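# Structural description and commentary
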Amino acid sequence: TKDITVNPAPAAITGPTTVCRGQAITLFDPTPGGYWASSAPATGSVNSTGDVTGITPGAITVSYTNVYGCQATHPVTVNASPGPILGSSNVCLGGTSPLTDTPSGGNWFSLNTTVAAVNPTTGLVSGITLGTATIIYQLPGGCYVSRVVNVYPLPIVFNVSRSEEH
């Protein structure tokens, strides 16, 4: 006969399965004394507390290894993030102003549609009432950027006539 020691596996890893490039998520495993690792650190890195940072779009497997060498794994997809929103942050009441972003294929949203509306596919902002509205550009993977747009009143035009003195 031979004695065999069966070591316990760590608990299941919990947390999100997606992260945006340049952002971080936190994974959790309640098993004490283990360490975290990423299958592709150039795509997504993980630190000693389970914080995963997205570096380049792709898929990784995050593992947590306990003191016995047993592992729990968790898949994480690193999604592309949009660049900064380009275009004017100001639009006149009743006017429009185009916004753009890359990569294309995302959707535009206004968080205050009573102040400014935005065409969901083109990014054309329309000023509805005076104030500010946050405009969001979101890619299909869920990553997004935002920008505040100000709606200003139309400029006042003065008609000044000169009278001549004789």
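Up top you'll find the structure we're talking about.
Conventions and cut-offs
Residues numbered from 1 in each chain as written. Predicted model: local features only at pLDDT ≥ 70, side-chain atom pairs only at ≥ 80, totals over all residues. Heavy atoms only, no water. Pairing = 2+ DSSP bridges. Helix = DSSP H or I, 4+ residues; strand = E, 2+ residues; numbered from the N terminus. Axes fitted to C-alpha atoms, helices over the stretch in contact; angles between N-to-C directions. Phe/Tyr/Trp six-rings, centres within 6.5 Å; stacked < 30°, edge-to-face > 60°. Buried < 20%, exposed > 50% of the residue type's maximum accessible area, 1.4 Å probe, protein only.

## What about the sheet that holds strand β10 (residues 107-110)?
- Pairing is mixed across the open sheet formed by 4 strands, whose spatial order is β8-β14-β13-β10. Edge positions in the sheet fall to β8 (90-92) and β10, since each has one partner strand and no second. Strand after strand, the sheet turns through a mean of 30° between neighbouring axes, direction not considered.
- Of the pairings in the sheet, the one linking β10 to strand β13 (residues 131-138) comprises 4 bridges and is antiparallel in character. Within β13, the position partnered with Ser110 by the bridge is Ile135.

## Here we look at the packing of aromatic side chains
- The full count for this structure, using the stated rule, is 2 aromatic pairs.
- Considering the side-chain rings of Trp108 and Tyr137, the 4.6 Å spacing of their centres and the 45° angle between planes classify their relative orientation as tilted. You can see Trp108 sitting in strand β10 and its partner Tyr137 sitting in strand β13, a full 29 residues away along the chain.
- A residue is classified by how much of its surface remains accessible, and Trp108, at 4% relative accessible area, is buried.

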